[in-house]
Amino acid sequence: MWAGPQYPLVFGGVCPFVTVLIARALPALDLVQMKVDLIRQLLKAEVQVVSTQSFSDACSSLRTMKKSDVRIIIGQFEEESAAEVFCCVYRLNLFGSQYQWILSAGWRLQDLVTRCTEAGVLTAANGSIRLQTGSLSNTNTLGISERTPLEYRDVYLRQVGQDQSGANALHAFAYDAVWVAAKAFTRAMEAVKYREKYSVQPNVTVSDEDILKTLLEAVKRLQFDGVTSQTTSYFPQVESHGVGQGKAKLA
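Every value quoted in this text rests on a predicted model; they were computed, and no experiment measured them. (Residues numbered from 1 in each chain as written. Predicted model: local features only at pLDDT ≥ 70, side-chain atom pairs only at ≥ 80, totals over all residues. Heavy atoms only, no water.)

### Concerning the state of the cysteines
Then, in step 1: By the definition in use, this model includes two disulfides.
Then, in step 2: In this model C59 forms its disulfide with C88; the gap between the sulfur atoms is 2.0 Å. Measuring the twist about the S-S bond at about -80°, one finds the C59-C88 disulfide to be left-handed. Taken together, the residues span a long stretch of sequence, with C59 in helix α3 (residues 58-67) and C88 in helix α4 (residues 79-91) at a distance of 29 residues. (Disulfide = S-S within 2.5 Å. Helix = DSSP H or I, 4+ residues; strand = E, 2+ residues; numbered from the N terminus.)

### Some thoughts on the packing of aromatic side chains
Then, in step 1: Enumeration according to the criterion identifies five aromatic pairs in this entry.
Then, in step 2: Ring geometry for Y152 against Y175: centres 4.7 Å apart, planes inclined by 45°, an arrangement best described as tilted. Placement of the pair is Y152 in helix α6 (residues 149-160) and Y175 in helix α7 (residues 171-198), with a sequence separation of 23 residues.
Then, in step 3: Ring centres 4.7 Å apart and planes at 40° place the aromatic pair Y194 and Y198 in the tilted group. Within this pair, Y194 and its partner Y198 are both found in helix α7, separated by four residues, close to a single helical turn. Take Y194 and Y198: they sit in the same class, and that class is exposed.
Then, in step 4: Put simply, the rings of Y152, Y156 and Y175 pair up and form one aromatic cluster.
Then, in step 5: The ring of Y99 has R71 sitting right over it, with the charged end atom 5.2 Å from the ring centre. (Phe/Tyr/Trp six-rings, centres within 6.5 Å; stacked < 30°, edge-to-face > 60°. Buried < 20%, exposed > 50% of the residue type's maximum accessible area, 1.4 Å probe, protein only. Lys NZ or Arg CZ within 6 Å of the ring centre and 35° of its normal.)

### Some words on the pairing of strand β4 (residues 100-103)
Then, in step 1: Only one face of β4 is buried: it carries W101 and L103, and the other face, with Q100 and I102, is open.
Then, in step 2: Pairing between strand β3 (residues 72-75) and β4: four bridges, direction parallel. Of the residues in β4, the one forming a bridge with I74 is I102.
Then, in step 3: In this fold, the crossover linking β3 to β4 by way of α4 has right-handed handedness. (Pairing = 2+ DSSP bridges. Right-handed = clockwise from strand over helix to strand, strands pointing away.)

### Focus on the packing of α3 against α4
Then, in step 1: Their axes nearest at 9 Å, the elements α3 and α4 cross at an angle of 45°. What the angle tells us is that α3 and α4 run oblique. Of the two elements, α3 crosses α4, and the hand of that crossing is right-handed. Of the residues in α4, those touching α3 at A58, C59 and L62 are V85, C88, V89 and R91.
Then, in step 2: Among the residues forming the contact of α3 with α4, the class breakdown is six nonpolar, no polar and one charged. (Axes fitted to C-alpha atoms, helices over the stretch in contact; angles between N-to-C directions. Parallel < 35°, antiparallel > 145°, perpendicular 65-115°, else oblique. Left-handed = near helix turned anticlockwise from the far one by under 90°. Contact = heavy atoms within 4.5 Å. Nonpolar A, V, L, I, M, F, W, Y, C, P; charged D, E, K, R; others polar.)

### Overview of the nonpolar core
Then, in step 1: Counting residues in hydrophobic clusters, the biggest one holds 24 residues, and the most contacted among them are F55, L62, V85, F86, V89 and W101.
Then, in step 2: Of all elements in the fold, only α3, α4, β4 and α5 (118-125) reach the threshold of two or more residues within this core.
Then, in step 3: Looking at this core element by element, the count peaks at six residues for α4.
Then, in step 4: If near-sequence neighbours (up to four positions away) are discounted, L62 is found in contact with F55, V85, C88, V89, L92, L94 and W101.
Then, in step 5: If you look at the next biggest cluster of nonpolar residues, it comprises eight residues, including V180, A188, L222 and F224. (Core = buried A, V, L, I, M, F, W, Y, C linked by side-chain atoms within 4.5 Å.)

### Observations concerning unusual backbone geometry
Then, in step 1: The backbone of E46 shows a phi angle near 60°, a positive value even though the residue is not glycine.
Then, in step 2: Within the fold, E46 resides in the loop between α2 (38-44) and α3.
Then, in step 3: One non-glycine residue, E146, adopts positive backbone phi at about 65°.
Then, in step 4: Of note, E146 is situated in the loop between β5 (129-133) and α6.

### Digging into α6
Then, in step 1: The end-to-end C-alpha distance of α6 is 16 Å, a good match for the 16 Å that 12 residues give at a rise of 1.5 Å each.
Then, in step 2: Among the residues of α6, P149, Y152 and Y156 are the ones counted as buried. With its buried residues spanning 55° around the axis, α6 presents them on a single face.
Then, in step 3: In this structure, the buried side of α6 is in contact with α7.
Then, in step 4: Phi turns positive, to about 110°, at G161, one or two residues after α6. (Expected span 1.5 Å × (residues − 1). Arc of directions from axis to C-beta.)

### Let's talk about the pattern of salt bridges
Then, in step 1: Across all of its chains, the model carries six salt bridges by this definition.
Then, in step 2: The partner of R195 in a salt bridge is D210, and the shortest N-O contact between them spans 3.9 Å. Note that R195 is positioned in helix α7 and D210 in helix α8 (residues 208-221), a separation of 15 residues in sequence.
Then, in step 3: Take R195: its relative accessible area is 40%, and that puts it in the partly exposed class.
Then, in step 4: The residue R221 makes a salt bridge to E217 at a minimum N-O spacing of 2.7 Å. Note that R221 and E217 are positioned in helix α8 at a spacing of four residues, about one turn of the helix.
Then, in step 5: Judged by its relative accessible area of 65%, R221 falls in the exposed class.
Then, in step 6: A relative accessible area of 31% places E217 in the partly exposed class. (Salt bridge = Lys/Arg side-chain N within 4 Å of Asp/Glu carboxyl O.)

So, in structure tokens, the structure goes:
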């Protein structure tokens, strides 16, 4: 990214280790970052974030959390990994009235690992709060992609294949986010060309810093109908922040 070509906009991941590093590099790289920054929102609500961990090695990460005396844990991982995570939760005794788990996805017992019994996983998951992410909009309106939400779903499922093993409800949000990036970039470049063409001073070239500001403003003002909902982007800080809706289910 340092060597080039120049990147005007980048999507930030949900992985804290990746997101934080990108966010710290934004000023030096002259980048606009589009991401959902949960940590920032928690800090704004005066909620202390004790630890951020990757669940690639669930048991090791949970041991670190236990040493830090974490009591409220927000877990974001694939559904097929949830049974393994709660197996570790059971083995490390990170459940019960002293702990609260909040999950961004559900989980399935058919993914149960052999180190724990079904009863053990269910015991560890008991009382967890599972957030059900809304996916497609229920409208039948053509969106910016010239597809209705149902048309998008049909095309998406054909691309995924019959077994649908690679399907993920979050892909629809990524689809809308790509359109946010594309439309914002197009509007920003149109504004830059207009300024260069009609400036009172001849042969004016807009600086990279001004292009970044123009792109940031374009994302701030962008609004359109996506396949998930009416998509609105706004920036409380340098990074962009998307808004989504969801429903909560008690386990």
